[in-house]
Amino acid sequence: MTRVIHTGDTHIGYRQYNAPERRRDFLRAFRRVADDAMDLDVDAVVHAGDLFHDRRPGLVDLQSTLSVLRDLDDAGIPFLAVVGNHEGKRDAQWLDLFADLGLATRLGREPYRLGEVALYGLDFVPRSRREDLEYEFADHDGDHAALVTHGLFSPFAHADWETETLLAEADVEFDALLLGDNHEPGTAKVEDTWVTYCGSTERASASERESRGYNVVEFDDAVEIRRRGIESREFVFVDVTLHEGEGGDVVRERVGEYDVEDAVVVVTVEGEGEPITPATIETAASERGALVARVTDRREIDEETEVSVNFADPDEAVRKRVRDLGLSDAARDIDRVVRDDDLADANVRDAIERRVREGLEESAAFEPASGEGGDGTDAESDEAAKAPESEASDDSEAGKPTDESDDQISIGEFS
């Protein structure tokens, strides 16, 4: 029997909410996975991409990651990985440096033999390059074969890559696809192949409410996949429905019912109550020891003003104004990505860069929208009013900067 930990989307270096503590949390989660690997005495740790949050990780993040990899190496546990879209560089990868130091192996089209299992790797491939992608892998003589890769595959949420296409065109029959990029865990069987996401090891978005963890995958007579949770920063989700006459005092009272010490507090307000001041609620939570507090008011409040604003769906008001501007397809697409509630905050910059690069391949993408008076009344502007296709991960968030071509595009304003 061969047993591995399948993990990914660790996003080391992510300073979520601009909090140094959150940056340390993402590294701490990676160390917990490594500690579990040593306690469980697994045969390898298999990482499915996005070890780092950024392609330019800080020196402290690199040093800390090397420390964890050395511990695995000292325990005789190989670290096998592919490159995700967050950390992807145009030239040499950080993973190559770790491999040169003897602390990691970058999986590829040649099989890596682990017991009776042949492990292959496929780094993240942007959509613009998949049409000509060749799924060629060298032969193996193992009892099982598994592919480790990074992307949003069907039949899971946000999919933009058909698993059936990969399996049909690959010249190796895989027993399992060990995936990264989607921050939510999930397992399905496509034809005769197990397809599984391990999920992220820390919450990269407030939409990621489920506990974090990784997979333990056993290859024996059959393939067995089990989910294992890890301790992570506590997120306290406070959902409040205000009735008529109720306001901020009720919200603060509800928050007071929870233990928020050192937690990230996420408050969501709905209902027909009075207007609230989010800042006062966030301050109250911080005074009770919360690490971070964020309040989102999703209600519709009618006020007699010159500008009618729908607080339940401010995005709709923005979408109407965007249509009036007669912007190009690419500009409207970027606007939808920025305001996509389903897209993990960690993934916004990468999603925008991905869309821009794809738009550059279409000569008309950046031309102003057609339509009488620039009012955006054509079919494409109607499509712009619809909810956007989510890119995440991830990420997600659920939830990624990556160089997807030889052209360098700076989008720092979205970071």
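Definitions and cut-offs
The residue numbers shown here count from 1 along each chain, following its written sequence. Local features are withheld for residues below a pLDDT of 70 in this predicted model, meaning they are given only at 70 or higher, and side-chain atom pairs are given and counted only at 80 or more; totals for whole chains, interfaces and linings count all residues. Side-chain calculation: all heavy atoms of the structure are included, whereas hydrogens and water are not. A pair of strands is treated as paired once DSSP finds two or more bridges between them. Numbering of helices and strands runs from the N terminus; a helix is a DSSP stretch of H or I covering at least four residues, while a strand is a stretch of E covering at least two. Here an angle of 0 to 180 degrees is reported between the N-to-C directions of two axes, which are lines fitted to C-alpha atoms, with helices fitted over the stretch in contact. In this text, buried Ala, Val, Leu, Ile, Met, Phe, Trp, Tyr and Cys residues form a nonpolar core when linked through side-chain atoms within 4.5 Å. Only protein chains enter the accessibility calculation, which uses a 1.4 Å probe. A residue is then buried if its area is under 20% of the maximum for its type, exposed if over 50%, and partly exposed in between. Residue contacts are defined here by distance: any two heavy atoms, one from each residue, within 4.5 Å place the two residues in contact. Per-residue confidence from the prediction method is given by pLDDT, with values spanning 0 to 100. Here, a salt bridge means any Lys or Arg side-chain nitrogen found within 4 Å of an Asp or Glu carboxyl oxygen. Multiply 1.5 Å by the residue count of a helix minus one, and that product is the helix's expected span. Candidates for patches are residues over 30% relative accessible area with no salt bridge; among them, like charges are joined within 9 Å and nonpolar side chains (Val, Leu, Ile, Met, Phe, Trp, Tyr) within 5 Å. Note on areas: Shrake-Rupley with a 1.4 Å probe; residue coverage comes only from the protein chains shown. Asp and Glu are treated as the negative residues and Lys and Arg as the positive ones, with His and the ends of the chain left uncounted. One atom stands in for each charge, and that atom is NZ of Lys, CZ of Arg, CG of Asp or CD of Glu. Angles below 35 degrees are treated as roughly parallel, those above 145 as roughly antiparallel, those between 65 and 115 as roughly perpendicular, and all remaining angles as oblique. Here a crossing is taken to be left-handed if its near helix is turned anticlockwise relative to the far helix by less than a right angle, and right-handed if that turn runs clockwise. We call Asp, Glu, Lys and Arg charged. Ala, Val, Leu, Ile, Met, Phe, Trp, Tyr, Cys and Pro are nonpolar, and the rest, Gly among them, are polar.

J.: Help me get a handle on the sheet that holds strand β3 (residues 79-81), residues and values and all.
T.: Spatial strand order, β4-β3-β2-β1-β11-β12: six strands in an open sheet with mixed pairing. Strands at the two margins of the open sheet, each flanked by one partner only, are β4 (105-106) and β12 (223-229). Two strands pair when backbone bridges link them, and strand β1 (residues 2-7) and strand β11 (residues 213-219) are joined in this way by five bridges, in the antiparallel orientation. Bridged to Thr-2 within β11 is Phe-219.

J.: I'd like a rundown of the sheet that holds strand β10 (residues 193-197), residues and numbers included.
T.: The strand order across the open sheet formed by six strands is β5-β6-β7-β8-β10-β9, and the pairing between neighbours is mixed. Across the chains shown, the open sheet's two edge strands, defined by having one partner strand only, are β5 (112-114) and β9 (186-190). Going across the sheet, the axis of each strand differs from the next one's by a mean of 25 degrees, ignoring polarity. Here strand β6 (residues 117-122) pairs with strand β7 (residues 144-150) via six bridges, running parallel. Paired with Val-117 across the strands is His-144, a residue of β7.

J.: Explain the nonpolar core residue by residue, including any values.
T.: Judged by nonpolar contacts, the single largest core of 28 residues is most densely connected at Ile-5, Leu-72, Phe-79 and Phe-98. Of all elements in the fold, only α1 (20-40), α2 (59-74), β3, α3 (94-100) and β11 reach the threshold of two or more residues within this core. Element by element, the count of residues in this core is highest for α1, at six residues. Those residues in contact with Leu-72, other than ones at most four positions away along the chain, are Ala-34, Ala-37, Met-38, Val-45, Ile-77 and Phe-79. Formed by 23 residues, the second largest nonpolar core is a distinct cluster that contains Leu-147, Leu-166, Phe-174 and Leu-177.

J.: Explain the confidence of the model for the protein to me, using residue names and the numbers behind them.
T.: Close inspection of predicted coordinates is inappropriate for parts of the model with low pLDDT. Residues of the protein with pLDDT of at least 70 account for 75%, and the chain-wide mean is 83. Within the model, the stretch residues 302-311 combines pLDDT values under 50 with seven contacts to residues more than four positions away or in other chains.

J.: Outline the pattern of salt bridges, supporting the account with residue identities and numerical values.
T.: For the structure shown, the criterion picks out 21 salt bridges. Asp-123 is paired through a salt bridge with Arg-106; the nearest N and O atoms lie 2.4 Å apart. Taken together, the residues Asp-123 in the loop between β6 and β7 and Arg-106 in strand β4 connect sequence positions 17 residues apart. On the basis of relative accessibility, which here comes to 19%, the residue Asp-123 falls in the buried class. Arg-106 gets classed as partly exposed once you look at its relative accessible area, which sits at 32%. Close ionic contact of Arg-209 with Asp-239 constitutes a salt bridge, the shortest N to O distance being 3.1 Å. Taken together, the residues Arg-209 in the loop between β10 and β11 and Asp-239 in strand β13 (residues 235-242) connect sequence positions 30 residues apart. Overall, the relative accessible area of 37% leaves Arg-209 in the partly exposed class.

J.: Explain the environment of Ile-334 residue by residue, including any values.
T.: Along the chain, the position of Ile-334 falls in helix α8 (residues 329-338). Ile-334 gets classed as buried once you look at its relative accessible area, which sits at 16%. Sequence spacing of Ile-334 and Ala-351 is 17 residues, and the spatial spacing of their C-alpha atoms is 8.6 Å.

J.: Can you explain α2? Please cite residues and give values.
T.: Look at α2: 22 Å from first C-alpha to last across 16 residues, which is about the 22 Å you get at 1.5 Å a residue. Where α2 is buried, its residues contact α1, β2 (44-47), β3 and α3. Taken from the residues just after α2, Gly-76 is the one with a positive phi, measuring 75 degrees.

J.: Summarise a negative patch on the surface; cite the residues concerned and give the values.
T.: On the surface, Glu-131, Asp-132, Glu-134, Glu-136, Asp-139 and Asp-171 cluster together into a patch of negative charge. Note that Asp-139 resides in the loop between β6 and β7. The class of Asp-139 is exposed, set by a relative accessible area of 66%.

J.: Residue-level account of the packing of helix α5 (residues 248-255) against helix α6 (residues 278-287), with values.
T.: The geometry of a pair of packed helices is captured by two quantities: the angle between their axes and the separation between those axes. It is at 10 Å that the axes of α5 and α6 come closest, and there the two elements cross at 25 degrees. When the interaxial angle is binned, α5 and α6 end up roughly parallel. The two elements α5 and α6 meet at a crossing, and its hand is right-handed. Across the interface between the two elements, Val-251, Arg-252 and Val-255 of α5 pack against Thr-280, Ile-281, Ala-284 and Ala-285 of α6. Classifying every residue of the contact of α5 with α6 by side-chain character gives five nonpolar, one polar and one charged.

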